[in-house]
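Summary of the model geometry
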Amino acid sequence: GSSVPDNTVLSPMACADHSGAHHLSPRRGNMPQPSQMLTLLQFFVGVPLIFLVEALAEVPVVVMMHFFWQWLSHRFVSKHRTAALVKTTKQHKQNKFYMYGHGYTLEGKQDVLYPFLLSIPWIMTFIHGGAYFLLVVVVKKLLIGRFEPGPVQGDWDVFRRWLLERLTTTATYTHFMDLWVNTEVLACWYRLLGARIEPRV
């Protein structure tokens, strides 16, 4: 039975009781259609760049997992090798494609596999998340640039805001930034993105 003032609408999950309508929002007119240039920028520049950032963020993960596996193999497998396997290993070392971990026993596999599996969540959280964040910083500084106060002007300005929103709303970015909530580290990350934050905030 409540009335809603002109040029306003009820927000999602809003209510209207005997005291009146709550959580009103201004009515928006018909949203303008994006220009053809903006669509081309999003499709041919924005989308490939987003995929590129996601792909490049995986490179440190693969490298870290490779070297960690090699280190575990070299560290733990040797104590489980039999004399026959040691002899075989010496022959394999003459091959430049030799990798530690060839021909080790079940005990050696367990010593390598279990620590490696335990390391995957840490690598994905810190290495992958950190690499993705740094790539976003690079894109922000080199392509997007600094935002100036005032109304949005032109397709390029709209595209820059659209691209930054897409890069900073992914699950990887959100999960990495959530790790530093309630710490001063979070303010440092935002400063890298260009935010002006006072010390000790």
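Rules used in this analysis
- Residues numbered from 1 in each chain as written.
- Predicted model: local features only at pLDDT ≥ 70, side-chain atom pairs only at ≥ 80, totals over all residues.
- Heavy atoms only, no water.
- Core = buried A, V, L, I, M, F, W, Y, C linked by side-chain atoms within 4.5 Å.
- Buried < 20%, exposed > 50% of the residue type's maximum accessible area, 1.4 Å probe, protein only.
- Helix = DSSP H or I, 4+ residues; strand = E, 2+ residues; numbered from the N terminus.
- Contact = heavy atoms within 4.5 Å.
- Phe/Tyr/Trp six-rings, centres within 6.5 Å; stacked < 30°, edge-to-face > 60°.

1. Here's the deal with the nonpolar core
One broad rule of soluble globular proteins: the nonpolar side chains tend to lie buried together. Within the largest apolar cluster, 23 residues are counted, with the highest numbers of intra-cluster contacts made by Y132, F133, V139, L163 and L167. Top contributing element to this core by residue count: helix α3 (residues 106–144), with 7 residues. Beyond its immediate sequence surroundings of up to four residues, L163 is in contact with G46, L49, I50, V139, L143 and I144. With 6 residues, the next largest nonpolar core counts M65, L72, V112 and I123 among its residues.

2. Looking at the side chain of T125
Looking at the secondary structure, you find T125 in helix α3. Under the relative-accessibility criterion, T125 is labelled buried at 17%. Aside from chain neighbours lying at most four places away, what touches T125 is G130, H175, F176 and L179.

3. Describing the packing of aromatic side chains
Evaluation of the coordinates by the stated rule reveals 13 aromatic pairs. Aromatic pair F133 and W189: ring centres 5.3 Å apart, planes at 55°, arrangement tilted. A residue pair is termed long-range when its members are at least 10 positions apart, and F133 in helix α3 and W189 in helix α6 (residues 184–192) qualify at 56 residues. Grouped by ring-pair contacts, the aromatic residues W122, F126, F133, Y173, F176, W180 and W189 constitute a single cluster.

4. A word on the environment of L52
Structurally, L52 is set in helix α1 (residues 36–77). For L52, a relative accessible area of 44% puts it in the partly exposed group. The spacing of L52 and L135 is 83 residues in sequence and 9.7 Å in space, taken between C-alpha atoms.

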